[in-house]
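Listed below are the residues making up each chain.
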Amino acid sequence: MRIDVLTIFPEYFDALKISLIGKASSSGLLEFGIHDLRDFTHDRHKTVDDTPYGGGAGMVMRPEPWGEALDKLAVQDTVVVFPSPAGQLFTQGIASELASSRHILLCCGRYEGIDERVVEHAKSRWTVRVLSLGDYVLNGGEVAALAMIEAVSRLVPGVIGNEQSLIEESHADGLLEYPSFTKPSEWRGLSVPEILLSGDHAAIAAWRKQQQIERTRLIRPDLID
Ligand code: JF8
């Protein structure tokens with residue numbers, strides 16, 4: 001899979017050089033291209049923003065650099081993603097859909113966002129997804145794009161290595177994860193639940209499922225039914 005990113009802050013994406021995603025990139029399993037939107041401007045000050053039509057606070061990203069960048073980077077089978085607080089909620093299901101794409105292009109806005117005509121134009125030429133990380137306010141699309149890249153990349157076969165951990169974890173079955181414990185069996189007066197030391201694998205599986213259901217009911221009742 002290839003993932004390109006358009007941003008005025010390419011340094012955010014240095015994080016993709018480390019850990020499992022960094023290794024998948026070195027081995028060619030994932031290919032990243034991080035592009036500075038200012039390279040698609042033509043004025044001396046590399047201007048990417050301007051005042052909003054209709055008035056109001058802040059600045060809006062001008063469409064021309066986006067148009068030129070999309071023309072250069074997007075191809076026939078590109079999925080163009082716009083992180084936006086006004087987007088559809090980014091879920092594990094959407095991560096899973098995106099993980100089967102050949103090419104994703106993430107367009108990271110700043111200020112009050114990107115001129116809406118960029119999204120409208122992109123929809124006329126490519127598959128477009130406007131996606132939100134959640135109901136809180138970020139300063140731009142970069143942090144959301146990083147989260148989306150990580151959630152999608154780890155679903156690409158070979159990136160994680162232990163495929164079972166992909167199947168077992170939170171949200172794959174729509175429930176929160178069960179609690180985990182390791183050595184020592186007693187720590188600061190707290191012991192590990194006895195059943196986990198029993199060696200009874202069926203009983204452990206049943207206990208873990210019960211923990212998942214109980215936790216989900218208490219913390220995330222919205223995930224049940
Ligand atoms: C932005 C561009 C976002 N969940 C989220 N909160 N805020 C954002 C976001 C995304 C893009 C821009 N400001 C300017 C905020 C997402 N995704």
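Because the structure is predicted, anything quoted here is derived from the model rather than measured.

**As for the nonpolar core**
Then, in step 1: By size, the foremost hydrophobic cluster in this structure holds 29 residues, and its most contacted members are F90, L98 and L106.
Then, in step 2: Every element with two or more residues in this core is listed here: β1 (2–7), α1 (19–26), β5 (78–89), α3 (92–98), β6 (103–107) and α5 (142–153).
Then, in step 3: At 7 residues, the largest contribution of residues to this core is made by α5.
Then, in step 4: The next biggest cluster of nonpolar side chains, apart from the first, holds 21 residues, and it includes A74, V80, I114 and W126.

**What to know about the sheet that holds strand β7 (residues 127–132)**
Then, in step 1: Strands sit in the order β2-β1-β6-β5-β7 across an open sheet of 5 strands; the sheet is parallel. Of all the strands in the sheet, just β2 (31–36) and β7 have a single pairing partner and so form its edges. Going from strand to strand, the sheet's axes swing by 25° on average, the running direction of each strand aside.
Then, in step 2: Bridge analysis of β1 against β2 gives 6 bridges, and the strand direction is parallel. The partner of R2 across the bridge, within β2, is E31.

**Let's talk about the side chain of E142**
Then, in step 1: Tracing the chain through its elements places E142 in helix α5.
Then, in step 2: Among the residues examined, E142 registers a relative accessible area of 0% and is labelled buried.
Then, in step 3: Side-chain polar atoms of E142 contact the side chain of R110, separated by 2.9 Å.
Then, in step 4: Here E142 is in contact with T7, I8, F9, Y12, F13, C108, G109 and R110, once residues within four sequence places are set aside.

**Thoughts on empty space enclosed by the protein**
Then, in step 1: Using the criterion set out here, one finds 1 cavity of 30 Å³ or more in the structure.
Then, in step 2: By volume, the largest cavity amounts to about 40 Å³.
Then, in step 3: As for the largest cavity, its lining consists of I3, L98, I104, L106, M148, I149 and V152.
Then, in step 4: Elements that contribute at least two residues to the lining of the largest cavity include exactly β6 and α5.
Then, in step 5: Ranked by the residues each element gives to the lining of the largest cavity, the list is headed by α5, at 3 residues.
Then, in step 6: Split by residue class, the lining of the largest cavity holds 7 nonpolar, no polar and no charged.

**Considerations on the packing of helix α2 (residues 63–73) against helix α4 (residues 116–125)**
Then, in step 1: Look at α2 against α4: their axes get within 10 Å of each other, and the N-to-C directions meet at 25°. The pairing of α2 with α4 is recorded here as roughly parallel in orientation. Judged by the twist between their axes, the crossing of α2 over α4 is right-handed. Contacts from P63, W66, L70 and D71 of α2 reach α4 at R117, V118, A122 and R125.
Then, in step 2: Classifying every residue of the contact of α2 with α4 gives 5 nonpolar, no polar and 3 charged.

**Brief notes about the side chain of R129**
Then, in step 1: Mapped onto the elements of the fold, R129 is located in strand β7.
Then, in step 2: Not counting the four nearest positions on each side in its chain, R129 is found in contact with V79, V80, V81, F82, Q88, I94, E97 and L98.

Calculation rules
Residues numbered from 1 in each chain as written. Predicted model: local features only at pLDDT ≥ 70, side-chain atom pairs only at ≥ 80, totals over all residues. Heavy atoms only, no water. Core = buried A, V, L, I, M, F, W, Y, C linked by side-chain atoms within 4.5 Å. Buried < 20%, exposed > 50% of the residue type's maximum accessible area, 1.4 Å probe, protein only. Helix = DSSP H or I, 4+ residues; strand = E, 2+ residues; numbered from the N terminus. Pairing = 2+ DSSP bridges. Axes fitted to C-alpha atoms, helices over the stretch in contact; angles between N-to-C directions. Polar contact = N/O pair within 3.5 Å; in protein donor to acceptor, adjacent residues only side chain to side chain. Contact = heavy atoms within 4.5 Å. 1 Å grid on protein atoms, 1.4 Å probe; cavity = no way out; pocket = protein on both sides within 12 Å on 5 of 7 lines; lining within 4 Å. Points joined across faces, edges and corners; volume = space filled by probe spheres on them. Nonpolar A, V, L, I, M, F, W, Y, C, P; charged D, E, K, R; others polar. Parallel < 35°, antiparallel > 145°, perpendicular 65-115°, else oblique. Left-handed = near helix turned anticlockwise from the far one by under 90°.

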